[in-house]
Amino acid sequence: MGNTSASTFDTKPALDRDPWLEPFLPAIAHRHGRFQQWKDTIAQYEGGYDAFSKGYSRFGLNVDDNGEITYREWAPNAKEATLIGDFNAWDRSSHQMQKDAFGVWEIKIPPKSPGEPAIPHDSKIKASISMVLPSGERIERLPAWIKRVTQDLTVSPVYDARFWNPPASEKYVFKNPRPPKPASVKIYEAHVGISTSEGRVGTYKEFTKNILGRIKNLGYNTIQLMAAMEHAYYASFGYQVTSFFAVSSRYGTPEELMELIDVAHGMGLTVLLDVIHSHACKNVLDGINLFDGTDHLYFHEGAKGRHELWDSRLFNYGSHEVLRFLLSNLRFYMEEYHFDGFRFDGVTSMMYLHHGIGTGFSGGYHEYFGDQVDEEGVVYLMLANDMLHTIYPDTITIAEDVSGMPLLCAPTEEGGVGFDYRLSMAIPDMWIKLLKHKQDHEWDMAAIVHTLINRRHGEKSIAYAESHDQALVGDKTIAFWLMDKEMYTNMSDLTELTPVIDRGLALHKMIRLLVHSLGGEGYLNFEGNEFGHPERLKNFQWLDFPRAGNNNSFHYARRQWNVVDDQILRYRYLNNFDAAMNYVESKYNWLAAPQAYVSLKHEGDKVIVFERAGLLFIFNFHPTNSFTDYRVGVEEPGEYSVVLSSDEKRFGGHDRVDTSIKHFTTPLAWNNRKNWLQVYIPTRTCLVLANH
């Protein structure tokens, strides 16, 4: 590495952000020094980020203009390596590879004729790596940088590698530029495979045709695609990746995913990939585990290289070649597929040696800069963010971290880790605890507000009311916590509006708007939750992927779009409100505005009032009381009118609020605001007022 000294790091920006960091400035400077050393090393020996992050152009299988194929693989422990496949009748002697001083094996395969590669497009291949071991064992692996793998469950669960090299006429040509980076990020988290109403795996083509329009019409401007990186076990929700450079073949071809992203861009939608660099599947035959016969090629050896809860392998972020592999993986998806950024999964596991297992975070700063921090993991994340934002200035990166690491979303030059946003993971936990353990009259308004606004100053957060995990077997979505079994019998307009359904519809809307408007600088929704997707409907149960426990059925791994499209079912009311909420945000841009000023948290009335982006938000969580001429404070004088009411009929409400009424301010101080106005606020209703 280079010799950059940590002492040259300017600690003032970090201290200006957070004075409590002062005792830990040496640790921050040290990790920044390690980051700078790696950056200098990459610049000195690899030509900088641009060349280093294009490892996929050097490793794996690549074809030049004349049709010559070059295959390279890093496998230093191997004593012999051969490329085998359909093209050479799986002959283990015909295509021997040569090894260089760095443990990289290489073979060049001349074209059949000028421009015609010797390996046919979409034919099966495998890297056969032979080693001289005491046992004389020969091992066979799929290429680590392979761009296409397929699975035939009628034959074996093990994946086959494919030489993916479509002719020019079949290669996808992108038509639309990337949309501008959204100032207010509204994310629709989606899984292509479950995005069909039918009992099977959905496809990229179907998602493009049937789902992109729904997302656009709901007012979301960003899609976060889950489970797109290839994973052998469908029920892993995409979090046990086997082939990092291959998109999942369950849903279609690489070109069909490219088309999905391109069409989304044409609609003005930003597309993020849920990237898994926190660990890798332990599969050997179709993964990168034990790739060259050792357990320490891409991963730490021994217990340090294994995640005891996830039963998976942990990357060695201090390895030069592992950094090449992972940084190139990010660049590959940006460059080849035109993704616009990433949601990094499992960041807590990456940043701490204990991986968050059996560890609670109290908020004490010693937890973030002590011996338990995995500095190599933190430095990798700094390099990843720095590389992405250097090459693609408008890229978006989001960290899934539960620890609250300071400077996680600060620029790397200030000692930060460099993410744009962090997920506010405490918010969905709060709602589950309230719905599970508290009666409505026991809800603590101050505690709710505290959880929603408790985020680090100057670091952006993505707020969400419920996570995708709650839709899985054994847990409950907010809608199901609220309405439970009555969702089976009373979600039709032709049936009685019971107190349970009435409460459920009202609180579902209030919770989501409160999180949307107060909880962060971005908002996220998992597909189907916008309309209160039923846990079970007739024979439909929790979202449940094919596994041994359900006879490997795809019946439950789908979304019931028919319930929201049916114009006599009440799910449409929640869907309508979700769209209206997003469209009002798009007009007033509260997510891009500074954090809200909360003027009222009234425990007796169960009322919360705050201002953000010039709007006045009023929430009445009281289970029985409505309030006439309720006085609320507001900073700016003027004439206010309701621009969104959860009580409108189109949202399943009772139309008790006259949205045509003008509310005029009185220039007298109230709740530490310069003016006040009065409103009628029915029970379990939220209002948004704008100053005209």
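Now for a quick tour of the structure. (Residues numbered from 1 in each chain as written. Predicted model: local features only at pLDDT ≥ 70, side-chain atom pairs only at ≥ 80, totals over all residues. Heavy atoms only, no water.)

1. Here we look at the nonpolar core
The nonpolar side chains of soluble globular proteins are, as a tendency, buried together.
Item 1. In terms of nonpolar packing, the biggest core is built from 186 residues, with Tyr298, Phe344, Tyr380 and Trp431 touching the most fellow members.
Item 2. When near neighbours in sequence (up to four residues on either side) are disregarded, Tyr298 contacts Glu73, Trp74, Ala144, Trp145, Ile288, Phe315, Asn316, Val322 and Phe325.
Item 3. Counting 17 residues, the second-largest nonpolar core is a separate cluster that includes Val632, Val642, Leu677 and Leu689. (Core = buried A, V, L, I, M, F, W, Y, C linked by side-chain atoms within 4.5 Å. Buried < 20%, exposed > 50% of the residue type's maximum accessible area, 1.4 Å probe, protein only. Contact = heavy atoms within 4.5 Å.)

2. Considering helix 14 (residues 499–518)
Item 1. Taking 1.5 Å of rise per residue, the 20 residues of helix 14 would be expected to cover 28 Å, and the 28 Å separating its terminal C-alpha atoms lies within 8% of that figure.
Item 2. Of all 20 residues that make up helix 14, 17 are buried, and the element is covered over most of its length. (Helix = DSSP H or I, 4+ residues; strand = E, 2+ residues; numbered from the N terminus. Expected span 1.5 Å × (residues − 1).)

3. A short note on the sheet that holds strand 22 (residues 597–602)
Item 1. Judged by pairing direction, the sheet is antiparallel, and its six strands sit side by side in the order 22-23-24-29-26-27 without closing on themselves. Of all strands in the sheet, those with a lone pairing partner are strand 22 and strand 27 (663–664), marking the two edges.
Item 2. Inspection of the sheet shows strand 24 (residues 615–620) paired to strand 29 (residues 685–691) by six bridges, in the antiparallel sense. Residue pairing for strand 29: Phe619 is matched across the bridge by Cys686.
Item 3. Most of the contacts of helix 11 (residues 445–453) go to strand 22, to which it runs at about 155 degrees, and overall it touches strand 22 and strand 23 (607–612).
Item 4. On the sheet, helix 16 (residues 571–588) packs against strand 24, strand 26 (639–645) and strand 29 and is oriented at approximately 140 degrees with respect to strand 26. (Pairing = 2+ DSSP bridges. Axes fitted to C-alpha atoms, helices over the stretch in contact; angles between N-to-C directions.)

4. Here's the deal with the pairing of strand 24
Item 1. In terms of burial, strand 24 is largely enclosed, as six of its six residues are buried.
Item 2. By the alternation rule, side chains of strand 24 split into Leu615, Phe617 and Phe619 and Leu616, Ile618 and Asn620, which are all buried.
Item 3. Bridge count for strand 23 against strand 24 is six bridges, and the pairing is antiparallel. Paired with Val607 across the two strands is Asn620, which belongs to strand 24.
Item 4. Between strand 23 and the antiparallel strand that follows it, strand 24, lie two residues; Ala613 among them carries a positive phi value of about 55 degrees.

5. With respect to helix 10 (residues 426–437)
Item 1. Taking 1.5 Å of rise per residue, twelve residues should cover 16 Å, and helix 10 covers 16 Å from first to last C-alpha, within 8% of that figure.
Item 2. Every buried residue of helix 10 is listed here: Ile427, Pro428, Met430, Trp431, Ile432, Leu434 and Leu435.
Item 3. Elements that come into contact with the buried residues of helix 10 comprise helix 11, strand 20 (460–463), helix 12 (478–483) and helix 14.

6. Quick look at the packing of helix 6 (residues 320–336) against helix 9 (residues 375–391)
Item 1. Between helix 6 and helix 9, the least distance of the axes is 11 Å, while the angle of their chain directions is 35 degrees. Crossing of helix 6 against helix 9: the hand is right-handed. Here Leu323, Leu326, Leu327, Leu330, Arg331 and Met334 of helix 6 come into contact with helix 9, specifically with Tyr380, Leu383, Ala384, Met387, Leu388 and Ile391.
Item 2. When grouped by side-chain class, the residues that make up the contact of helix 6 with helix 9 number eleven nonpolar, no polar and one charged. (Left-handed = near helix turned anticlockwise from the far one by under 90°. Nonpolar A, V, L, I, M, F, W, Y, C, P; charged D, E, K, R; others polar.)

7. Looking at the environment of Gly377
Item 1. Tracing the sequence through the fold places Gly377 in helix 9.
Item 2. In this structure the C-alpha to C-alpha distance between Gly377 and Thr348, which are 29 residues apart in sequence, comes to 9.7 Å.
Item 3. Sequence-distant contacts of Gly377, that is, excluding residues within four places in its chain, are made with Tyr317 and Met350.

8. Notes on the pairing of strand 26
Item 1. Burial analysis of strand 26 places five of its seven residues in the buried class, the great majority of the element.
Item 2. Inspection of the sheet shows strand 26 paired to strand 27 by two bridges, in the antiparallel sense. Paired with Tyr640 across the two strands is His663, which belongs to strand 27.
Item 3. Alignment of strand 26 against strand 29, held across five bridges, turns out to be antiparallel. Of the residues in strand 29, the one forming a bridge with Ser645 is Leu687.

9. Some remarks on the side chain of Asp374
Item 1. Relative to the helices and strands, Asp374 resides in the loop between helix 8 (366–369) and helix 9.
Item 2. One buried charged residue, Asp374, forms no salt bridge at all, with the nearest opposite charge on Lys304 at 6.0 Å.
Item 3. A polar side-chain atom of Asp374 sits 3.2 Å from the main-chain amide nitrogen of Glu376.
Item 4. What Asp374 contacts, discounting residues up to four positions off in sequence, is Met350, Met351, Tyr352 and Leu353. (Lys, Arg positive; Asp, Glu negative; His and termini not counted. Salt bridge = Lys/Arg side-chain N within 4 Å of Asp/Glu carboxyl O. Polar contact = N/O pair within 3.5 Å; in protein donor to acceptor, adjacent residues only side chain to side chain.)

10. Concerning the pattern of salt bridges
Item 1. Here the structure, examined in full by the defined rule, presents 42 salt bridges.
Item 2. Among the ionic pairs, Arg422 bridges to Asp401, the shortest N-O distance being 3.7 Å. Taken together, the residues Arg422 in strand 19 (residues 421–423) and Asp401 in the loop between strand 18 (396–399) and strand 19 connect sequence positions 21 residues apart.
Item 3. For Asp401, a relative accessible area of 3% corresponds to the buried category.
Item 4. We note a salt bridge from Glu459 to Arg422, for which the minimum N-O separation is 2.9 Å. Here Glu459 is found in the loop between helix 11 and strand 20, whereas its partner Arg422 is found in strand 19, with 37 residues between them in sequence.
Item 5. Residue class for Glu459 comes out buried when judged on its relative accessible area of 6%.
Item 6. By relative accessible area, Arg422 is classed as buried at 7%.
Item 7. Members of the salt-bridge network, linked through shared partners, are Asp274, Arg343, Asp345 and Glu400.

Treat this as a map of the structure, not an account of what it does.
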